[in-house]
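# Structure assessment
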Amino acid sequence: MRILVVEDERKLAKTIKKGLEQESFAVDIAFDGGYGYDLASTEDYDVVILDLMLPKLNGIDICRRLRQNQIQIPIIMLTAKSQLEDKVNGLNSGADDYLAKPFAFTELLARIKALGRRPKVSLGTELEVEDLSLNTLTHEVKRDGRGIKLSRTEFALLEYLMRNKDKTLTKNQLIEHVWDYDADVLPNTVEVYIGYLRNKIDKPFKNKAALIQTVRGFGYKVGR
Ligand code: CA
């Protein structure tokens, strides 16, 4: 899952990014509202974490503009003021949730996961494809009851493929949801990581059907 953090307090933004990356999310940061709006309206994010008070364009304006342009990304609004008025404003502008600063990181994470569970993005914590399972909370991956160790990027890639089970995803779609904006993604990066996944998910299970499929000319899918 790829997340955009729009927050002008640099230290806080970086702390959020670091924490989310440890949870296998790809994270981009915008330090002002203008750049935040540009990214949110042109890139394909799964969740946006949006501060209320921002230079150039505030959180409520960003939210309203996104919704006016039919961009339905789940948005969590952050604000330093815990007044009810802000909460009402934030939700009226089209935010999906609201979190008052200061907050515990675990609380933010819980909100992201709760938003993710809504049907819009259809996310669960336990994903299954045939005898392969992946738990987004514990980060456990198992096939045929056997534990499989994955790197952070391998995990993120497999998670995105499993959330879209049986759907063919193009390399660009995978890059947009698995890698952040600053990552050095070369044209063959996706292929390389698909290869790593095959070595761990399919190759050791020779008597089983391969689950990671190449759809020639289109991309990749997980399923049979
Ligand atoms: Ca701020």
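For the structure, see preceding data.
Residues numbered from 1 in each chain as written. Predicted model: local features only at pLDDT ≥ 70, side-chain atom pairs only at ≥ 80, totals over all residues. Heavy atoms only, no water.

Once that is clear, we can look at the packing of aromatic side chains. Scanning the model with the defined rule gives two aromatic pairs in all. Between Trp179 and Tyr193, the ring centres sit 5.6 Å apart and the planes meet at 70 degrees, which makes this aromatic pair edge-to-face. Note that Trp179 is positioned in the loop between α7 (171-178) and α8 (189-201) and Tyr193 in helix α8, a separation of 14 residues in sequence. Taking the relative accessible area as the measure of exposure, Trp179 reaches 9% and is therefore buried. Relative to Tyr196, the ring of Tyr193 lies with its centre 5.1 Å away and its plane at 80 degrees, an arrangement referred to as edge-to-face. Here Tyr193 and its partner Tyr196 are both found in helix α8, three residues apart, which amounts to about one turn of the helix. Connected via pairs of aromatic rings, a cluster forms that spans Trp179, Tyr193 and Tyr196. Taking the ring centre of Phe31 as reference, the NZ or CZ of Arg10 above it sits at 3.9 Å. If you follow Arg65 out to its NZ or CZ, it ends over the ring of Tyr37, 5.7 Å from the centre. (Phe/Tyr/Trp six-rings, centres within 6.5 Å; stacked < 30°, edge-to-face > 60°. Helix = DSSP H or I, 4+ residues; strand = E, 2+ residues; numbered from the N terminus. Buried < 20%, exposed > 50% of the residue type's maximum accessible area, 1.4 Å probe, protein only. Lys NZ or Arg CZ within 6 Å of the ring centre and 35° of its normal.)

Take the pattern of salt bridges next. Taken as a whole and judged by the stated rule, the model has 20 salt bridges. Asp28 is paired through a salt bridge with Arg2; the nearest N and O atoms lie 2.6 Å apart. In this pair, Asp28 sits in strand β2 (residues 26-30) while Arg2 sits in strand β1 (residues 2-6), placing the two residues 26 residues apart along the sequence. Residue Asp28 is classed as buried on the basis of its relative accessible area, which comes to 3%. When salt bridges with common partners are traced through the structure, they connect Asp131, Arg143, Asp144, Asp202 and Lys208 into a single cluster. (Salt bridge = Lys/Arg side-chain N within 4 Å of Asp/Glu carboxyl O.)

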